[in-house]
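Listed here are the chains, written in short residue letters.
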Amino acid sequence: MSRTGLLAALVASVILSAGSAMAQEQPAGAAPAVESPTPAAPAAPAPIAPAPDAPAVAPPATMAPSQPGTQPNTAAPSEAGPSTAMELTLPHDLSPWGMFMAADIVVKAVMIGLAFASLVTWTIWLAKSLELLSGKLRIRRAVRAIGEAATLKQASRTLDRSGGPGALLVRAAEEETALSAGALDHVSGDGLKERVTSRLSRIEAAAARRMSRGTGVLATIGSTAPFVGLFGTVWGIMNAFIGISQAQTTNLAVVAPGIAEALLATAMGLVAAIPAVVIYNVFARSIAGYRQILADASAGVERLVSRDLDFRTVAPATPLAAE
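No experiment lies behind these values; they were computed from the predicted model shown.

J.: Help me understand the environment of Leu114, please; the structure alone is not making it clear to me.
T.: The topology assignment puts Leu114 in helix α7 (residues 105–148). When the C-alpha positions of Leu114 and Ile221 are compared, they lie 8.9 Å apart, and in sequence the two are 107 residues distant. The residues contacting Leu114, other than those within four sequence positions of it, are Ala225, Val228, Gly229, Ala265, Met268, Gly269 and Ala272.

Structure, rendered in structure tokens:
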């Protein structure tokens, strides 16, 4: 073999080895570009030049899939953020007056009724407190005067200008004694005592009923106001659920105003009921004490009548003893 053939064979082997190395380094998509220059020896430098360019083309190919994937992720929060913030913004004024103005007509009627009931409660409290205070002062003065008197006429003169149940008790005993004066010389005084006791008990019961007037309204408000408020709450929550079904969303901004308006009715029911119950219990104890003072006054009048009857039987002996 000549030197020229040997050199040609050596150059061909170098070209083949370089082509195989380039084929291994390039990606699968670039393989056809390597196979085209293999038939000719002068084309050997051509595949060597793109070899450094292959890695430069590859990174954009690898980064290309990442860009479409990242774009929806970055765009989704930007699109959902403002809408979510707008939905979470409460559209109602959640102050008590704002909730009342935004409430349904039925819930408004319930709230107005409960507010009126609360006004009635405090009006009765003021009026009845003054009445109980003045009534207890009068009956205590009457009990003191009756206890200090020696006869029924003396007690009547002391309580002549004063009013109240104490003066009525003394006048009723005087009237019954005057009506029975003609029969006292022929019968015992037991009948007079029974009649006086009957009249005194009726006056005592009438005074207690008069003092208890108005407390039944407090009992009614205290027992029914929570249920009236609960009715307003149920109605408001029902309207809130209807609004949820119409808006087709369970967002807090849609649910919160209706439920808050409904719960305001329950709060007003408790505001009306709790003071009514407390004031009723206070008045019940105070009226019971008032009745005890009335009973003391009635017992004092009965003692005066009994004393007068006893001294009536011994009255003729007093002038003889003086003579």
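J.: Honestly, the pattern of salt bridges in this entry has me stumped. Any pointers?
T.: Close approach of charged atoms allows side chains with opposite charge to pair. Taken as a whole, this structure holds 4 salt bridges when the rule is applied. Across the pair Lys128 and Glu131 runs a salt bridge, and its minimum N-O distance is 3.0 Å. Note that Lys128 and Glu131 are positioned in helix α7 at a spacing of 3 residues, about one turn of the helix. One salt bridge connects Arg195 with Glu176, and the closest N-O pair in it is separated by 3.0 Å. Of this pair, Arg195 sits in helix α10 (residues 190–212) while Glu176 is found in helix α9 (residues 165–179), placing the two residues 19 residues apart along the sequence. A residue is classified by how much of its surface remains accessible, and Arg195, at 38% relative accessible area, is partly exposed. By relative accessible area, which is 9% here, Glu176 ends up buried.

J.: Honestly, the nonpolar core in this entry has me stumped. Any pointers?
T.: A general feature of soluble globular proteins is that nonpolar side chains tend to end up buried together. Membership of the largest hydrophobic core comes to 34 residues, with the highest contact counts inside it found for Ile139, Ile146, Leu152, Leu159, Val170, Val301 and Val305. Those elements giving two or more residues to this core turn out to be α7, α8 (152–158), α9, α10 and α12 (252–314). Residues within four places of Leu159 in sequence aside, it is in contact with Ala142, Ala145, Ile146, Gly166, Ala167, Val170 and Arg171.

J.: Please explain the side chain of Thr215 as it appears in this structure.
T.: Among the secondary structure elements, Thr215 is positioned in helix α11 (residues 215–247). The class of Thr215 is buried, set by a relative accessible area of 10%. With residues up to four places along the chain from it excluded, the contact list for Thr215 reads Tyr280, Phe283 and Ile287.

J.: Please clarify how the packing of aromatic side chains should be interpreted in this entry.
T.: Aromatic ring pairs are described here by two measures, namely the spacing of the ring centres and the angle between the planes. Applying the stated rule across the entire model yields 2 aromatic pairs. Each ring, one from Phe231 and one from Trp235, has its centre 6.2 Å from the other, and the planes form 45 degrees; the classification is tilted. Here Phe231 and its partner Trp235 are both found in helix α11, 4 residues apart, which amounts to about one turn of the helix. Judged by relative accessible area, which is 44%, Phe231 ranks as partly exposed.

Calculation rules
- Residues numbered from 1 in each chain as written.
- Predicted model: local features only at pLDDT ≥ 70, side-chain atom pairs only at ≥ 80, totals over all residues.
- Heavy atoms only, no water.
- Helix = DSSP H or I, 4+ residues; strand = E, 2+ residues; numbered from the N terminus.
- Contact = heavy atoms within 4.5 Å.
- Salt bridge = Lys/Arg side-chain N within 4 Å of Asp/Glu carboxyl O.
- Buried < 20%, exposed > 50% of the residue type's maximum accessible area, 1.4 Å probe, protein only.
- Core = buried A, V, L, I, M, F, W, Y, C linked by side-chain atoms within 4.5 Å.
- Phe/Tyr/Trp six-rings, centres within 6.5 Å; stacked < 30°, edge-to-face > 60°.

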